[in-house]
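Here are the chains, one letter per residue:
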Amino acid sequence: MAGVIDIHCHVLPGLDDGPANLPEALAMAGAAAASGTTMMVATPHIDHTWRVRPQLIPQRAVMLQDALRDRGIDLQIETGAEIAISRLTELTRSELAGLRLGSGPYLLLECPLTTAAGDFDLMLRAIHSQEESIVLAHPERSPLFQQEPARLQRLVEAGLLCSITAGSITGVFGQTVRRFSIELLREGLVHDLSSDAHDHFKRPPGIRDALASAEPELPGISRQQEWLTLLAPAAILAGEPLPPRPSRNDRPR
Ligand SMILES: [Fe+2]
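Let us look at the structure shown here. The shown structure was predicted, so the numbers you read here are calculated from the model rather than taken from an experiment. (Residues numbered from 1 in each chain as written. Predicted model: local features only at pLDDT ≥ 70, side-chain atom pairs only at ≥ 80, totals over all residues. Heavy atoms only, no water.)

Moving on to the environment of alanine 197. On the secondary structure map, alanine 197 appears in the loop between strand 9 (192–194) and helix 10 (225–238). With relative accessibility at 0%, the residue alanine 197 sits in the buried group. Once residues lying within four places of it in the same chain are set aside, the contact partners of alanine 197 are His8, Cys9, His10, Met28, Arg203, Pro204 and Pro205. (Helix = DSSP H or I, 4+ residues; strand = E, 2+ residues; numbered from the N terminus. Buried < 20%, exposed > 50% of the residue type's maximum accessible area, 1.4 Å probe, protein only. Contact = heavy atoms within 4.5 Å.)

Time to look at the packing of helix 1 (residues 22–34) against helix 2 (residues 56–70). Angle between the axes and distance between the axes are the two parameters that describe a pair of packed helices. Where helix 1 meets helix 2, the axes come as close as 10 Å, and the angle between the chain directions of the two elements is 65 degrees. Crossing hand, helix 1 versus helix 2: right-handed. Where helix 1 approaches helix 2, its residues Leu22, Ala25, Leu26 and Ala29 are matched on the opposing element by Met63, Leu64, Ala67 and Leu68. Residues belonging to the contact of helix 1 with helix 2 are distributed by class as follows: eight nonpolar, no polar and no charged. (Axes fitted to C-alpha atoms, helices over the stretch in contact; angles between N-to-C directions. Left-handed = near helix turned anticlockwise from the far one by under 90°. Nonpolar A, V, L, I, M, F, W, Y, C, P; charged D, E, K, R; others polar.)

Glancing now at the coordination of the iron ion. All of the protein donors around the iron ion are His8 (NE2), His10 (NE2), Glu82 (OE) and Asp196 (OD); their distances to the metal are 2.1 to 2.2 Å. Classification of the site at the iron ion as irregular follows from its four donor atoms and the range of 86 to 175 degrees in their angles at the metal. (Donors = N, O, S within 2.8 Å, 3.2 Å for Na, K, Ca; no water. Tetrahedral: all angles 85-135°; square planar, octahedral: opposite > 155°, others 65-115°.)

Further remarks concern the packing of aromatic side chains. Summed over all chains, the structure comprises one aromatic pair. Across from the ring centre of phenylalanine 173, 3.9 Å away, lies the NZ or CZ of arginine 141, which sits over that ring. (Phe/Tyr/Trp six-rings, centres within 6.5 Å; stacked < 30°, edge-to-face > 60°. Lys NZ or Arg CZ within 6 Å of the ring centre and 35° of its normal.)

The next subject is the environment of proline 105. Here proline 105 is to be found in the loop between helix 4 (93–99) and strand 6 (107–110). Exposure remark for proline 105: the relative accessible area of 29% places this residue in the partly exposed category. Taking C-alpha positions, proline 105 is 24 Å from histidine 48, a pair spaced 57 residues apart along the chain. If we skip the residues at most four places from it in the chain, proline 105 touches Arg100, Ser133, Ile236 and Gly239.

Helix 7 (residues 149–157) packs onto helix 5 (residues 120–128) with a crossing angle of 5 degrees between their chain directions and a minimal axis gap of 10 Å. One element, helix 5, and the other, helix 7, form an angle in the roughly parallel class. Residue-level inspection shows Asp121, Leu124 and Arg125 of helix 5 in contact with helix 7, the latter providing Arg151, Arg154 and Leu155. A breakdown of the residues in the contact of helix 5 with helix 7 according to their chemical character gives two nonpolar, no polar and four charged. (Parallel < 35°, antiparallel > 145°, perpendicular 65-115°, else oblique.)

Attention now moves to the side chain of glutamate 95. Of note, glutamate 95 is situated in helix 4. Despite its burial, glutamate 95 pairs with no opposite charge, the nearest such side chain being arginine 87 at 5.7 Å. Discounting chain neighbours no more than four positions away, the residues touching glutamate 95 are Pro54, Gln55 and Glu90. (Lys, Arg positive; Asp, Glu negative; His and termini not counted. Salt bridge = Lys/Arg side-chain N within 4 Å of Asp/Glu carboxyl O.)

A word on the state of the cysteines. For the structure shown, the criterion picks out zero disulfides. With no disulfide of its own, cysteine 9 lies 17 Å from the sulfur of cysteine 111, the closest cysteine sulfur. No disulfide involves cysteine 111; its sulfur sits 7.3 Å from that of cysteine 162, the nearest cysteine. (Disulfide = S-S within 2.5 Å.)

Moving on, we get to the sheet that holds strand 5 (residues 82–83). Pairing within the open sheet is parallel, and its six strands lie in the order 3-5-6-7-8-9. Two strands close off the open sheet at either side, each with one partner strand: strand 3 (45–46) and strand 9. (Pairing = 2+ DSSP bridges.)

Burial of the side chains of strand 2 (residues 39–42) extends over both faces: Met39 and Val41 are buried on one face and Met40 and Ala42 on the other. Relative to strand 2, strand 1 (residues 5–9) is paired through three bridges, and the arrangement is parallel. Residue pairing for strand 2: isoleucine 5 is matched across the bridge by methionine 39. Each parallel crossover has a hand, and the one from strand 1 via helix 1 to strand 2 is right-handed. (Right-handed = clockwise from strand over helix to strand, strands pointing away.)

What follows is about the environment of proline 205. With respect to the helices and strands, proline 205 occurs in the loop between strand 9 and helix 10. Measuring from C-alpha to C-alpha, the distance between proline 205 and glycine 220 comes to 24 Å, with 15 residues separating the pair along the chain. Apart from the residues lying within four places of it in its own chain, the contact partners of proline 205 are Met28, Ala31, Ala32, Met40, Ser195, Ala197, Asp199 and His200.

The next point concerns the nonpolar core. The biggest cluster of nonpolar side chains holds 64 residues, and the ones touching the most others in it are Val11, Ile83 and Leu185. In this view, valine 11 contacts Pro19, Ala25, Met28, Ala29, Met40, Ala42 and Leu64; residues no more than four positions away in its chain are not counted. Judged by nonpolar contacts, the second largest core, of 13 residues, contains Met39, Leu108, Ala137 and Leu161. (Core = buried A, V, L, I, M, F, W, Y, C linked by side-chain atoms within 4.5 Å.)

Have a look at this one:
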């Protein structure tokens, strides 16, 4: 099987609510590799809670990559960030450049998990007028979009991409999130599946098998597995147009 690219995970040690130290980060990265993931884009929170200094991200990534190599774990670590919209405007141009996903143009922006951010989508539209390449992190978990899916649809039509969390499909965050995830997959509004992993046990990495759990509602959705976990994320990291999405109904030739 070809590789799996995880563009949203908290695998760097000692920065946010991901692993506290290098051994924990290694356990998490090892679990990811064992599950078939070949590349992780480390995306620490850049927000007002954790106050991660952007300069630390590449240093920790090199440390983790070296430790993985020493242990013979075949996993490539790239860097990015999960940026809270409230922090975005405070970042300098050069800080922002270092926070993009891989070496590509995209910023991963965190969708709020509370209903308080009523005009989040309007703020996004304003940001999008200056920042063309935006991936939304876990919009399926955002009450704003659950209550008014058309708001998310308009953002996608404007060119924003959606990355949903694998655990949302399997039911980790409850039935409301699961149902909405399946609706988004049905409507073709999902461009990437990632782990948003934080550790190796409670919120573990590994995204390869999540889509299969949507098969009862969306027969044939597994045909989009490679697109959602390898081809589309690779295009995002390269800043290239996304390849055509396979139909759920494609028949093998
Ligand atoms: Fe996250």
